[in-house]
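Chain by chain, the residues:
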Amino acid sequence: MKVYMVLFDWSTSNADDSAIEIELFDSYEKAHNRFEEIIKNEKNPKISWAADAFDEKGKIIDGYEFDEHDYGHPYDCWWNLTDKNDWYRHDFLDLKELEVK
């Protein structure tokens with residue numbers, strides 16, 4: 001049986017404010033919808049520090065490292081953001097297909 005995992009590893013500047021959140025879904029569509037929802041939330045300045053990393057056109061600004069993959073093989077997606085001035089502050093989001101026996 002296949003399941004689809006959305007793993008969200010995040011941290012703010014506050015050392016006590018971090019988590020690894022794992023959600024499992026029975027379809028790729030459900031998992032990808034959640035993946036996209038998390039990205040949308042992270043780009044909201046009322047919710048996350050990550051919104052500061054993007055300009056008004058959605059481009060990454062200086063001081064941040066950003067890498068994403070949401071095309072090609074659909075079961076291996078990621079959206080990773082790190083603050084270069086505060087290496088503790090990061091958002092690492094992954095969507096993976098897993099085989100459960």
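Data block above holds the structure.
Computed from a predicted structure; not experimentally measured. (Residues numbered from 1 in each chain as written. Predicted model: local features only at pLDDT ≥ 70, side-chain atom pairs only at ≥ 80, totals over all residues. Heavy atoms only, no water.)

1. Thoughts on the side chain of Asn80
Of note, Asn80 is situated in strand S4 (residues 76-83). From its side chain, Asn80 meets the backbone nitrogen of Leu93 in a polar contact 3.4 Å long. Contact partners of Asn80, with chain neighbours within four places excluded, come to Glu65, Phe66, Asp67, Asp91, Phe92 and Leu93. (Helix = DSSP H or I, 4+ residues; strand = E, 2+ residues; numbered from the N terminus. Polar contact = N/O pair within 3.5 Å; in protein donor to acceptor, adjacent residues only side chain to side chain. Contact = heavy atoms within 4.5 Å.)

2. Focus on the pairing of strand S1 (residues 2-11)
Looking along a regular strand, one sees the side chains alternate between the two faces of the sheet. With 7 of 10 residues buried, S1 is to be regarded as a mostly interior element. Inspection of the sheet shows S1 paired to strand S5 (residues 90-99) by 10 bridges, in the antiparallel sense. For Leu7, the partnering residue across the bridge sits in S5 and is Asp94. Sheet topology note: the S1/strand S2 (residues 18-25) ladder contains 8 bridges and is antiparallel. Counted as the bridge partner of Leu7 is Ile22 from S2. (Buried < 20%, exposed > 50% of the residue type's maximum accessible area, 1.4 Å probe, protein only. Pairing = 2+ DSSP bridges.)

3. Side note on the pairing of S4
Counting buried positions along S4 gives 6 out of 8 residues, so the element sits mostly inside the fold. Pairing between strand S3 (residues 64-69) and S4: 6 bridges, direction antiparallel. Bridge pairing links Glu65 to Thr82 in S4. With 7 bridges joining them, S4 and S5 adopt antiparallel strand pairing. When the bridges of S5 are listed, Asp76 appears paired with Lys96. The hairpin formed by S4 and S5 contains 6 residues between the paired strands.

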